[in-house]
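Spelled out from the first residue to the last, the chains are:
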Amino acid sequence: MKKAALLGCGIVGGGIAIIMNENAAYLEKSAGEPVELKYILELRDCSDQPWADKVVKDFAIIENDPEVSVVAECIGGVGVAYEFVKRALLAGKSVVTCNKQLIAERGLELLEIAKAQKVFLLFEASVGGGIPLLRPLTNCLSANRIESLRGIVNGTTNYILTQMIQCGVSLDAALAEAQKLGYAEANPAADVDGIDALRKICILVDLCFGSNLPPEKVPTEGIRAVTTEDAQFADRMGYAIKLLACAARQDGDRFTAYVAPQFIKTTSLLGNVNGVMNAVSVTGNAVGECLFYGAGAGRMPTASAMVADILDTFRRGNGKKFINWGPERPERFVHPDDVPSRWYVRWSGSCSAPFAAACITEGTHSAAVTEPMLRSALDEMLRGVEILSVFRVCD
Ligand code: HSE
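## Remarks on the site of the ligand
Taken together, 13 residues surround the ligand, and among them K100, T156, Y183, E185 and D191 come closest. A distance of 2.6 Å is found between a nitrogen atom of the ligand and a side-chain nitrogen or oxygen belonging to E185. Within the side chain of D191, an N or O atom sits 2.8 Å from a nitrogen atom of the ligand. About the coverage of the ligand: the protein hides 93% of its 260 Å² of free accessible area.

Here's what the structure looks like:
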């Protein structure tokens, strides 16, 4: 009998409890023996829940129980979650988590502890929710030098943008709905301001480019600046507006990374990823482009990835392959403003130089998409123009 413990029984934790109960026969087949959820650490009142008999309020009970070989962390944040994950690893237990903040900010340290303890720290659910992504990247694509990553990695903002653009719903109303559906972070500003997507691109960069990328180094913009006027121009020009998290290898061993709302052609695959769905496009030097698509947030998709990680810790045993990356190498990071891009620009007034040829007008506003250029050259070109919005164009 394999035994696991759950830390936190909210939206995702509740999903884990459901899967471990309802899919017990499949789990047993996969693990080779029965799998039991022995404890649930939860401070809230759970007396009316079917799993009430498993609830404990003291982490030390889990930490000191040698029968528990894996702990699933669903608390979130880097406070108590960090402390308990570290203690679990030091107690010789594997840990699985969906906590992207924890992995993006403390992953390097925690992975080293896991390696020293010969246990596993697995976090498939931290990027892309239920989409199989990190394991294919680190296993199936391991023969490649990864050249670029670009993705819609935040379900809440993709849901909001889809609702705003396709149904004319306001940002606040769409966010309230996303919260009701269990997609949003405890503090939804982390979704809307791009912070959640930032943490996810840092994890992808860490895994694919091999050195730690601290989130504070990555230029990040959320979706608050996206307006219905921009959505209308985008539509007329054949673009969708998506919050994209991007990273790409530059000359030598260097790379760039950023998070920003971007114009992307409606004829592209990513341009057609709507609602809560996520998609990540990965280009490897041998395989070419691969697209990973699926439910990026929500109770059951996220729990699906976490339970699979739990099973994986049982299957692997000690001493097999570890996921890992090295310490930060700041000299590798290229600021995205130093990489040419095409830009969408909207301004107050009619079509005029320097955009006269490629520009369209709607009411009192005009908009155009530029040729590839550095941000500094764009700013120089726009001097004296009353600019209303500027977004990158993803080619
Ligand atoms: N708030 C996150 C999202 C949850 O909307 O994508 C999944 O990481």
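Anyway, onward from the coordinates.
## Remarks on the state of the cysteines
Evaluated as defined, the whole model comprises 1 disulfide. A sulfur-sulfur distance of 1.9 Å marks the disulfide that ties C351 to C359. Residues C351 and C359 are joined through a disulfide that is left-handed, its torsion about the S-S bond being -85 degrees. You can call C359 buried: its relative accessible area is 13%. The thiol of C74 is unpaired, and the distance to the nearest cysteine sulfur, on C98, comes to 4.7 Å.

## Digging into the nonpolar core
With 111 residues, the main nonpolar core has I16, I62 and F123 as its most contacted residues. Counting 11 residues, the second largest nonpolar core, distinct from the first, contains I152, Y258, I264 and A279.

## Comments concerning the pattern of salt bridges
The full count for this structure, using the stated rule, is 31 salt bridges. The partner of D196 in a salt bridge is K100, and the shortest N-O contact between them spans 2.9 Å. Taken together, the residues D196 in helix 10 (residues 195-209) and K100 in helix 5 (residues 100-117) connect sequence positions 96 residues apart. Accessibility classification places D196 together with K100 in one group, the buried group. We note a salt bridge from R145 to E147, for which the minimum N-O separation is 2.5 Å. A single network of salt bridges, built from pairs that share partners, joins K3, E36, K38, D65 and E67.

## Side note on the pairing of strand 4 (residues 68-73)
A regular strand carries its side chains on alternate faces of the sheet. Within strand 4, 5 of the 6 residues are buried, which leaves it mostly tucked inside the rest of the structure. Of the strand pairs in this sheet, strand 1 (residues 2-7) and strand 4 are connected by 5 bridges, and their pairing is parallel. The residue of strand 4 that forms the bridge with L6 is A72. Taken together, the 4 bridges between strand 4 and strand 5 (residues 94-97) define a ladder with parallel strand orientation. Within the sheet, the bridge partner assigned to V71 lies in strand 5 and is V95.

## Some details on the packing of helix 4 (residues 80-90) against helix 5
Put simply, helix 4 and helix 5 touch, their axes get as near as 9 Å, and they point 15 degrees apart. With respect to helix 5, the axis of helix 4 lies roughly parallel. Here helix 4 and helix 5 pass one another in a crossing that is right-handed. The residues of helix 5 that touch helix 4, namely those facing Y82, V85, K86, L89 and L90, are L102, R106, E109, L110, I113, A114 and Q117. Class assignment of the residues belonging to the contact of helix 4 with helix 5 gives a composition of 8 nonpolar, 1 polar and 3 charged.

## Comments concerning the side chain of D206
By the secondary structure assignment, D206 is in helix 10. Polar contacts involving the side chain of D206 include one to the main-chain amide nitrogen of L213, which spans 2.7 Å. The residues contacting D206, other than those within four sequence positions of it, are S211, N212, L213 and W325.

## Observations regarding the sheet that holds strand 2 (residues 35-41)
If you walk across this open sheet you meet the 6 strands as 3-2-1-4-5-6, and the pairing is parallel. Edge positions in the sheet fall to strand 3 (55-56) and strand 6 (121-122), since each of these pairs with one other strand and no more. When strand 2 meets strand 3, the two strands line up parallel, connected through 2 bridges. From the neighbouring strand, I40 faces strand 3, where its bridge partner is V55.

## Observations concerning the packing of aromatic side chains
Under the definition given, this model contains 9 aromatic pairs. Here F209 and F255 contribute two aromatic rings whose centre-to-centre distance is 5.1 Å and whose plane-to-plane angle is 40 degrees, an arrangement assigned as tilted. Pair noted here: F209 is in helix 10 and F255 is in strand 9 (residues 255-265), with a separation of 46 residues, a long-range link. Judged by its relative accessible area of 6%, F209 falls in the buried class. With 6.0 Å between their ring centres and 20 degrees between their planes, F263 and F391 make a pair best called stacked. Taken together, the positions of F263 in strand 9 and F391 in strand 16 (residues 387-394) put the pair 128 residues apart, joining distant regions of the chain. Assigned by exposure class, F263 and F391 land together as buried. Members of the aromatic cluster, connected to one another through ring pairs, are Y239, F263, Y344 and F391. Over the ring of Y239 we find K265, and its NZ or CZ is 4.3 Å from the ring centre. The residue whose ring lies beneath R375 is W343, and the NZ or CZ to ring-centre distance is 5.2 Å.

Rules used throughout
Residues numbered from 1 in each chain as written. Predicted model: local features only at pLDDT ≥ 70, side-chain atom pairs only at ≥ 80, totals over all residues. Heavy atoms only, no water. Near = heavy atom within 4 Å. Polar contact = N/O pair within 3.5 Å; in protein donor to acceptor, adjacent residues only side chain to side chain. Areas by Shrake-Rupley, 256 points an atom, 1.4 Å probe, with all protein chains shown as cover. Disulfide = S-S within 2.5 Å. Buried < 20%, exposed > 50% of the residue type's maximum accessible area, 1.4 Å probe, protein only. Core = buried A, V, L, I, M, F, W, Y, C linked by side-chain atoms within 4.5 Å. Salt bridge = Lys/Arg side-chain N within 4 Å of Asp/Glu carboxyl O. Helix = DSSP H or I, 4+ residues; strand = E, 2+ residues; numbered from the N terminus. Pairing = 2+ DSSP bridges. Axes fitted to C-alpha atoms, helices over the stretch in contact; angles between N-to-C directions. Parallel < 35°, antiparallel > 145°, perpendicular 65-115°, else oblique. Left-handed = near helix turned anticlockwise from the far one by under 90°. Contact = heavy atoms within 4.5 Å. Nonpolar A, V, L, I, M, F, W, Y, C, P; charged D, E, K, R; others polar. Phe/Tyr/Trp six-rings, centres within 6.5 Å; stacked < 30°, edge-to-face > 60°. Lys NZ or Arg CZ within 6 Å of the ring centre and 35° of its normal.

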